[in-house]
Amino acid sequence: MGAYAPWDQEQARTIIAEHAALEGATLPILHALQAVFGYIHEEAVPLVAVALNLSRAEIHGVVSFYHEFRRSPPGRHVLRLCRAEACQSVGGAAVADAVRQALGVDWHGTTENGALTLEPVFCLGLCANGPAALLDETPMVRVTPQRITDLAV
Amino acid sequence: MSRIFVPRDAVALALGADKIAALLSQFDTVIRTGSRGLFWLEPMIEVETPEGRIAYGPVRPEDVPDLISEGLLEGKARRLRLGKPDDIPFLARQQRLTFARCGVVDPFSLQDYCANGGMAGLERARQIGPEATTRMVLDSGLRGRGGAGFPTGIKWQTVAATTSDRKYIVCNADEGDSGTYADRMLMEGDPFCLIEGMAIAGFAVGAAHGYVYTRSEYPHAISAFDAALEIARDAGILGNGFDIEQRVGAGAYICGEETSMLESLEGKRGQVRAKPPLPAHKGLFGYPTVINNLLTLTTVPVILRDGAEAYRDYGMGRSRGTMPIQLAGNLRHAGLFETAFGITLGELVNDIGGGTLSGRPVRAVQVGGPLGAYFPPALFDTQFDYEAFAQRDGLLGHGGVVVFDDTVDMAKQARFAMEFCAAESCGKCTPCRVGSVRGMEVVDKILNGINVDANLALLHDLCHTMKFGSLCALGGFIPYPVMSALTHFPEDFRTVRRPLAAE
């Protein structure tokens, strides 16, 4: 994780074709595209629409509905910090405030050096050991602001 | 050589379990398991000795060399020694049916699974036939564990009674409620149990295809379940008339609502459908569909294996069987506690949970996720039971219990509920889409001391509209946390604060 390929229409077509035969293929295709490129490029929308015989508006609607689909490239790593109640009960909000201040970014922002994108998330299922976060696919528990700012170098 | 068991549960991984496993593998055979759910003791490792397994925890990677030299491999090291897992009070007090194997077996060993009671339910179902299988689920009293508490057997009967050449089984593993993690634990720790439960459901109603809709926030559960699917296919458990495919959500809480999940599986925006038609009649792609929570489906195998009466004997009133309760938040002993319905909230928080982690007094407990009510200690005699919670304007939801100490600001929690609803609303119905935004604004006015009495009255009225006018449980239940905060903690709404910083 973290190293994304630059946008490439041909590669995107191949990825789309691999999943197009699935029942209800839109989400699997978008996930596959985001896994490779890190986001859903604007040009991907008509490609998916044509492959699935749907309108661009429908695909755009799906991309914009789901929080997880990004429409611009993320930093080298993505940190998803939990904002939900169980993490709030152990100081999650204060951690989030400190992190945003220390990194100089708000939610969905990327640090200036391109190292880290900060995303809010509502629950990671690590609720007995909060505050919790997910760095790319690595779980973190009992998170402190220091541990996160260390990641952004 | 004996064996050492090291969990691969996401919590244990966050605490260095992979490193511990690598260190220990130099000395002995390491088996990776799920978690037993004693999360304050993770990573909790277990060594096999002639007297049985001996647990140690919480073990950090740097503890390993010393533990080895003190005799860890024979269970002789004294430091961090917890004794036999089943004797640890937190586990000894439980009645584990759904979670019997979680943390015990290698999640990818079918041999382990079968040696510990797995597959007996599916065999029984095949012996007694589809109708008797559905009857057994009905007789067990099992109700939907996602929160609605609808009798599972009736859902199955409805789908079984339809005549369609295509039917689907959909498992709801979009465990979005804060404070819940039971689905994640089972997918990581006992994935074959879900496969068996879905195969039984498919057999009972005549469905050939199953989908598991897992949330994207669970990367380890997703990969564990995909691996288990492969193994089950190779072993011929899947692929002979019934198969399962896993689909991954994309961060939308609303997709845990059943009709929204169906839309999402069909590749659309996760917008709620009006009912009727019920999914049992017209569900996925318009075909009859059983849609059950993961905890419901993983409880089916044990019901088939041990019988409907054995399961129904647990519990109270109309809440039969056991519930995997998830203790979370500001709690000393937070973890998975499966027990018969009927235990009180106070027992869970104080006796089993050991009070707050911070050591401060408990002030509020939210049961049932972001749509659940906040209960004060004065209501700690409430029994864990669908009806008992409903009577006190609360709900059980998916069984999450989140504890807050006395530093919590309940007006802020009420605002958060509205904020969450605004962020996660699917947008289809006005009470939820607009009501949540207006609700946030009204709470802000109250927090800033503007026309407090009038705005409190307005908030009551708005909650009433949302409760009765929303299309689904998101807008319909968000008044629970808001109203419970208002009812039980009115003083927090009378304190004037400085204007809120812009978020």
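Residue positions within a chain follow its written sequence, with the count starting from 1. All chains are assigned letters beginning with A, and all ligands numbers beginning with 1, in the order in which they are written. Totals for whole chains, interfaces and linings use every residue, but because this is a predicted model, local features are given only for residues with pLDDT of at least 70 and side-chain atom pairs only at 80 or more, for both listing and counting. Only hydrogens and water are set aside when side-chain values are computed; all heavy atoms of the structure are taken into account.

A. Up close: the overall build of chain B. In this description a helix means any DSSP run of H or I spanning at least four residues, a strand means any run of E spanning at least two, and both kinds are numbered starting from the N terminus. In terms of regular secondary structure, chain B is built from 22 helices and 16 strands. Within these notes, the globule rule equals 2.2 Å times the number of residues to the 0.38 power, and the radius of gyration is based on C-alpha atoms. For a compact globule of 503 residues, the expected C-alpha radius of gyration is about 23 Å, and chain B comes in at 23 Å, within 12% of that figure. Reported as C-alpha extents along the three principal axes, the dimensions of chain B are approximately 75 × 60 × 40 Å. Burial status follows relative accessibility: with a 1.4 Å probe on protein chains alone, a residue under 20% of its type maximum counts as buried, one over 50% as exposed, and anything between as partly exposed. Looking at chain B as a whole, 63% of its 503 residues qualify as buried. Intrachain contacts of chain B at a sequence separation of at least 6 include 71% that bridge at least 24 residues. A gap of 3 Å separates the mean positions of the 50 positive and 59 negative side-chain charges of chain B. Any two residues whose heavy atoms approach within 4.5 Å at even a single point are treated as in contact. His residues and chain termini do not enter the charge count, which takes Lys and Arg as positive and Asp and Glu as negative. Every charge is mapped to an atom, namely NZ of Lys, CZ of Arg, CG of Asp or CD of Glu.

B. The confidence of the model for chain B, seen in detail. Scored between 0 and 100, pLDDT is the confidence that the predictor attaches to each residue. For chain B, the average pLDDT comes to 97, and 98% of its residues sit at 70 or higher. Among the scores for the predicted complex, ipTM is 0.97 and pTM is 0.97.

C. Structural view of the packing of helix H1 (residues 9-19) of chain A against helix H3 (residues 44-52) of chain A. Residue and element names in this part refer to chain A. Two numbers describe how H1 lies on H3: the axes approach to 10 Å, and their chain directions differ by 35°. As H1 packs across H3, the resulting crossing turns out to be right-handed. Each of Gln-9, Ala-12, Arg-13 and Ile-16 in H1 lies in contact with H3, whose residues at this interface are Leu-47, Val-48 and Ala-51. Inter-axis angles, ranging from 0 to 180 degrees, are taken between N-to-C directions of lines fitted to C-alpha atoms, where helices are fitted over the stretch in contact. We call a crossing left-handed when the near helix sits turned anticlockwise from the far one by less than a right angle, and right-handed when that turn is clockwise.

D. The pattern of salt bridges, seen in detail. All names here are of chain B. Salt bridge, as applied in this entry: a Lys or Arg side-chain nitrogen positioned within 4 Å of an Asp or Glu carboxyl oxygen. Scanning all chains against the criterion turns up 40 salt bridges over all chains. When the shortest N-O distance is used, the salt bridge between Glu-48 and Arg-3 registers 2.9 Å. With Glu-48 in strand E3 (residues 45-49) and Arg-3 in strand E1 (residues 3-7), this residue pair connects regions lying 45 residues apart in the sequence. Residue classification places Arg-3 among the partly exposed positions, given a relative accessible area of 31%.

E. Representation of the sheet that holds strand E4 (residues 52-56) of chain B. All names here are of chain B. Across the sheet, which stays open at both edges, the five strands sit in the order E2-E1-E3-E4-E5 with mixed pairing between neighbours. Each edge of the open sheet is held by one strand with a lone partner, namely strand E2 (29-33) and strand E5 (81-83). For this sheet, the mean angle separating the axes of adjacent strands, direction not counted, is 30°. Bridge analysis of E1 against E2 gives five bridges, and the strand direction is parallel. By the bridge assignment for E2, Pro-7 is matched with Thr-33. Note: two strands are recorded as paired if DSSP finds a minimum of 2 bridges between them.

F. How the structure looks around helix H16 (residues 345-352) of chain B. All of the buried residues along H16 of chain B are Leu-345, Gly-346, Leu-348, Val-349 and Ile-352 of chain B. Backbone geometry just after H16 of chain B places Gly-354 of chain B at a positive phi near 75°.

G. Representation of the environment of Pro-151 of chain B in the model. Residue and element names in this part refer to chain B. Inspection of the secondary structure puts Pro-151 in the loop between helix H7 (130-140) and helix H8 (152-161). Relative accessible area serves as the criterion here: at 30%, Pro-151 is assigned to the partly exposed category. Each C-alpha atom of the pair Pro-151 and Asp-139 lies 9.7 Å from the other, and the pair is 12 residues apart in sequence. Filtering out sequence-adjacent residues up to four positions away, Pro-151 remains in contact with Leu-142 and Arg-143.

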